[in-house]
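Structural characterization, general
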Amino acid sequence: MTEDHCSKCRQEAEDSIHVFQRFPIAKEYNRSASGLIVKEQEGRIVVAKSILHENVASPFAAEAYAGYQAIMLGIQLGYHTLDILGDSKTVTIKCQSENRDRSEIGAIISDIQGLKGFFQKVRFYFIPKTGNIEAHRLAKGTLKNGEEQYLEGETLRTFCEEQEPNRLGYSEQRERR
């Protein structure tokens, strides 16, 4: 698989037309959900959060909004550095870029770029969907139940016990302020 191929179907190039036609958001509701998993450098989950999105224009908008929510969560938690992993190569590249984005998600990308100043370093990485299983499971449950979640402490321990250990294979490096 080349890097230009869609991470979901692995056959066609990833662009907004392909992704929206092949993997539409629940069109009847225009709803989606994002799952955010915060890990310490050693790989231990410290926070899990899910967000419901209403009136989402496309899967790219949902992915970009997840990146924005990840930045906001990093600010809330007081981190100096942040590694954000996402399974849309296109959105990841746009978030990492310093150039003005003129696509349908340009406003969200601009908001993300404006918030980078809160950190010493913010990096965006592409990760295949199979490596992002915890976040997808959290998002799927949120969409099904219609309720956002913020898990830490005992409720987080229950969530972690249900996960397969070491599925992500990546650690997000962060330092406390």
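Please refer to the structure higher up on the page.
Remember, it's a predicted structure, so these values are computed and weren't measured experimentally.

1. A few points about unusual backbone geometry
Despite not being glycine, asparagine 55 has its phi angle at roughly 55 degrees, a positive value. Counting through the fold element by element, asparagine 55 comes out in the loop between strand 2 (45-53) and helix 2 (59-77).

2. Here we look at the pairing of strand 2
Within strand 2, 9 of the 9 residues are buried, which leaves it mostly tucked inside the rest of the structure. Where strand 1 (residues 32-39) lies against strand 2, 8 bridges are found, and the strand directions are antiparallel. Residue pairing for strand 2: isoleucine 37 is matched across the bridge by alanine 48. From the end of strand 1 to the start of strand 2, which pair antiparallel, there are 5 residues, and glycine 43 there has a positive phi angle of about 100 degrees. Bridge count for strand 2 against strand 5 (residues 150-151) is 2 bridges, and the pairing is antiparallel. Bridge pairing links lysine 49 to tyrosine 150 in strand 5.

3. So, the packing of helix 2 against helix 4 (residues 106-115)
Running from N to C, helix 2 and helix 4 point in directions that differ by 20 degrees, and their axes come no closer than 9 Å. Overall, the two elements helix 2 and helix 4 adopt an arrangement that is roughly parallel. The interaxial crossing formed by helix 2 with helix 4 has left-handed handedness. Contact residues: helix 2 offers Ala61, Ala64, Tyr65, Gly67, Tyr68, Ile71, Met72 and Ile75, while helix 4 offers Ile108, Ile109, Asp111, Ile112 and Leu115.

4. Section: the sheet that holds strand 1
If you walk across this open sheet you meet the 3 strands as 1-2-5, and the pairing is antiparallel. Across the chains shown, the open sheet's two edge strands, defined by having one partner strand only, are strand 1 and strand 5. On the sheet, helix 6 (residues 153-161) packs against strand 1, strand 2 and strand 5 and is oriented at approximately 90 degrees with respect to strand 2.

5. Section: the nonpolar core
By size, the foremost hydrophobic cluster in this structure holds 28 residues, and its most contacted members are Val38, Ile71, Ile84, Ile105, Ile112, Val122 and Phe124. Looking at this core, the elements with two or more residues in it are strand 1, strand 2, helix 2, strand 3 (81-86), helix 3 (89-96), helix 4 and strand 4 (121-126). By residue number, the principal contributor to this core is helix 2, which donates 9 residues. Membership of the second largest hydrophobic core comes to 8 residues, among which are Ala48, Leu151, Leu156 and Phe159.

What counts and how
- Residues numbered from 1 in each chain as written.
- Predicted model: local features only at pLDDT ≥ 70, side-chain atom pairs only at ≥ 80, totals over all residues.
- Heavy atoms only, no water.
- Helix = DSSP H or I, 4+ residues; strand = E, 2+ residues; numbered from the N terminus.
- Buried < 20%, exposed > 50% of the residue type's maximum accessible area, 1.4 Å probe, protein only.
- Pairing = 2+ DSSP bridges.
- Axes fitted to C-alpha atoms, helices over the stretch in contact; angles between N-to-C directions.
- Parallel < 35°, antiparallel > 145°, perpendicular 65-115°, else oblique.
- Left-handed = near helix turned anticlockwise from the far one by under 90°.
- Contact = heavy atoms within 4.5 Å.
- Core = buried A, V, L, I, M, F, W, Y, C linked by side-chain atoms within 4.5 Å.

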